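Notes for the structure review
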Amino acid sequence: MVGYNLRPRQRNGLVSKQEDPPALESNNTPAKPSKESKPTMGELNRKVQTIIAKSSWWDRYGVDWCIILLSVCALLPIAVLLLRSDDWGPFLIGLSLLGLLHSMIKTKISHLAAHGALCKSKGWNTIWQYLFIEFFGSFSAVSSMDIHLKVHHPYTNIVGLGDSAIWRVPFLPCFTYMFVAPLLLPPLTPVVAMGNLIVDKKFVAAVKCLIVVTCGLVANVWFIMWAGAMTCTKAIICILVYRAPMEIPYIHVNIFQHIGLPMYSRENHPPRLQLMCNGALNLTRAPIINWFFGHSLVDCHVEHHLFPTLSDNMCAKVKPVVKEYILGHGLPYQEEEYWDRLKLFVKKYKELMVNAPPITEFIGIQ
């Protein structure tokens, strides 16, 4: 049972009473509340919709497609060339480039596809979901929708629902969880996908997922065999090796941006705007991760949670307006550097990743 302090305290623009959470270091202090009307999601939405209405197709979708195509065209030919090298150095560089490209497909592109942020057409977005999430990413598109869109986003930092508990593995020590266990994700990803569908009794979706994922893996193995002139066994080993390293920052991003922030019960939580301001955090100064994972997952995560259907470029475009509105009304706009967050989680691993999170009791907005 979670206990609460008897004296209420003001925290992040909310009047609340709670257990003392792990100390969080943040460079952002809420500005003095505006003398205007109280902040509402509707008012902020009108400001953002004005920007969207004035934005071209290039802003809404073109920039992200350009980043994707530029990365593929620049890195893939070099990676293929290096894979054919007889020297270990160039060969490993080639594998690393393939790993970066795969992380972009698995993370940035799949995430945008899941939110319908790659194009305006619903039909094409469905195609992109199955292509990038299942064929290239080896996960289930249906499970992605169930876990991410139907639970995590509507119930961000609500205990028992969108509290990111799925990422907790309490029996693993800090170093193992933070830097070793993520390397096992490539072979586990399709297994977890199938397990989720079977547990949910979505057998038709499981069969479809199995077919698409298998076709994707076979195509991947064939490509590596051709590119590196190697046997099937060596190709499979290479795929597992180059997919693994970027899983480490992938795990970090998923836990840094929500765990350690205020958590609420389903029956007692603030309105959407205040919930997202308190429950999401942007990661700064991580340019490589930002390029391959995308703005919406890294340095514009607050904007993404407020407006989840926006593309990465649009999240970056509306960021100044969103930040100004939030801080101008005395709400927290949470940003921390990736490395500061990493040091915090290593230092306070037990409090953040092992112990049950303290629950913030929402009383009202001042």
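Residues numbered from 1 in each chain as written. Predicted model: local features only at pLDDT ≥ 70, side-chain atom pairs only at ≥ 80, totals over all residues. Heavy atoms only, no water.

This part is about the overall build of the protein. Each helix and strand in the protein was counted, giving 16 helices and 5 strands. Across the 366 residues in the protein, those meeting the buried criterion constitute 51%. For the protein, contacts bridging at least 24 residues in sequence account for 72% of all contacts bridging at least 6. With the model as given, the accessible surface of the protein reaches about 17700 Å², and the carbon-plus-sulfur share is 67%. (Helix = DSSP H or I, 4+ residues; strand = E, 2+ residues; numbered from the N terminus. Buried < 20%, exposed > 50% of the residue type's maximum accessible area, 1.4 Å probe, protein only. Contact = heavy atoms within 4.5 Å. Areas by Shrake-Rupley, 256 points an atom, 1.4 Å probe, with all protein chains shown as cover.)

What follows covers the environment of tyrosine 250. Within the fold, tyrosine 250 resides in helix H10 (residues 247–256). Here the alpha-carbon distance between tyrosine 250 and threonine 107, two residues 143 residues apart in the chain, equals 8.0 Å. Excluding its chain neighbours within four sequence positions, the residues that come into contact with tyrosine 250 are Lys106, Thr107, Trp167, Leu185 and Phe293.

Viewed as axis vectors pointing N to C, helix H3 (residues 88–114) and helix H4 (residues 122–136) meet at an angle of 150 degrees, and their least axial separation amounts to 9 Å. When the axis of H3 is compared with that of H4, the two are roughly antiparallel. Handedness of the H3/H4 crossing: left-handed. Here H3 contributes His102, Ile105, Ile109, Ser110, Ala113 and Ala114 to the contact with H4, which in turn contributes Asn125, Trp128, Gln129, Phe132, Ile133 and Phe136. (Axes fitted to C-alpha atoms, helices over the stretch in contact; angles between N-to-C directions. Parallel < 35°, antiparallel > 145°, perpendicular 65-115°, else oblique. Left-handed = near helix turned anticlockwise from the far one by under 90°.)

So, on to the pattern of salt bridges. One pass over the full model with this rule turns up 12 salt bridges. For the salt bridge of glutamate 335 with lysine 319, the shortest nitrogen-to-oxygen distance reads 3.3 Å. Pair noted here: glutamate 335 is in strand S4 (residues 335–337) and lysine 319 is in helix H14 (residues 312–328), with a separation of 16 residues, a long-range link. Accessibility expressed as a relative area gives 11% for glutamate 335, which makes it buried. With its nearest N and O atoms 3.9 Å apart, the salt bridge here joins lysine 348 to glutamate 351. Residue classification places lysine 348 among the buried residues on the basis of a relative accessible area of 18%. In this structure glutamate 351 comes out as partly exposed when scored by relative accessible area, which is 36%. Overlapping salt bridges bring together Asp64, Lys108 and Asp312 as one network. (Salt bridge = Lys/Arg side-chain N within 4 Å of Asp/Glu carboxyl O.)

Packing of helix H2 (residues 57–83) against H14 leaves a shortest axis separation of 7 Å and a crossing angle of 125 degrees. If you check the angle between H2 and H14, you find them oblique. Counted together, Asp59, Arg60, Val63 and Asp64 of H2 and Asp312, Asn313, Met314 and Lys317 of H14 form the full contact between these two elements. Residues that form the contact of H2 with H14 fall into these classes: 2 nonpolar, 1 polar and 5 charged. (Nonpolar A, V, L, I, M, F, W, Y, C, P; charged D, E, K, R; others polar.)

A positive phi angle, close to 60 degrees, is found at asparagine 157, a residue other than glycine. Note on placement: asparagine 157 falls in the loop between helix H5 (141–152) and helix H6 (174–180). The exposure class of asparagine 157 is buried, given its relative accessible area of 0%. Backbone geometry places serine 164, a non-glycine residue, at a positive phi of 65 degrees.

The next subject is the packing of aromatic side chains. Each aromatic ring pair is specified by the distance between its two centres and by the angle formed by the two planes. For the structure on display, the rule yields 14 aromatic pairs. Between tryptophan 88 and phenylalanine 91, the aromatic rings sit 5.9 Å apart at their centres with planes inclined by 90 degrees, giving edge-to-face as the arrangement. Residue tryptophan 88 and its partner phenylalanine 91 are both found in helix H3; the two are separated by 3 residues, about one turn of the helix. Ring geometry for tyrosine 338 and tryptophan 339: centres 5.2 Å apart, planes at 85 degrees, overall edge-to-face. (Phe/Tyr/Trp six-rings, centres within 6.5 Å; stacked < 30°, edge-to-face > 60°.)

Looking only at H5, the buried set comprises Ala141, Ser143, Ser144, Met145, Asp146 and His152. Along its buried surface, H5 packs onto H3, H4, helix H7 (185–199) and helix H13 (301–306). Capping the start of H5 is the job of one residue whose side-chain oxygen sits 3.3 Å from the backbone nitrogen of valine 142: serine 140. (Polar contact = N/O pair within 3.5 Å; in protein donor to acceptor, adjacent residues only side chain to side chain.)

As a further point, take the side chain of histidine 111. Mapped onto the fold, histidine 111 is located in helix H3. Setting aside residues up to four positions removed in sequence, histidine 111 forms contacts with His148, Ser296, Leu297 and His304.

Attention now goes to a nonpolar patch on the surface. A cluster of nonpolar side chains, namely Leu184, Leu188 and Val192, defines an oily patch on the protein surface of about 260 Å² accessible area. Its relative accessible area of 42% is what places leucine 188 among the partly exposed residues. (Patch = residues over 30% accessible without salt bridge, like charges linked within 9 Å, V, L, I, M, F, W, Y side chains within 5 Å.)

This next bit is on the nonpolar core. In a soluble, globular protein the nonpolar side chains are often hidden away together inside. In this structure, Leu118, Met178 and Ile224 are the most contacted members of the largest nonpolar core, which totals 60 residues. The dominant element in this core, judged by the number of residues it contributes, is H3, at 11 residues. (Core = buried A, V, L, I, M, F, W, Y, C linked by side-chain atoms within 4.5 Å.)

Helix H11 (residues 272–279) sits mainly inside the fold: 7 of its 8 residues count as buried. When H11 is considered as a whole, its buried residues turn out to be Leu273, Gln274, Leu275, Met276, Cys277, Asn278 and Gly279.

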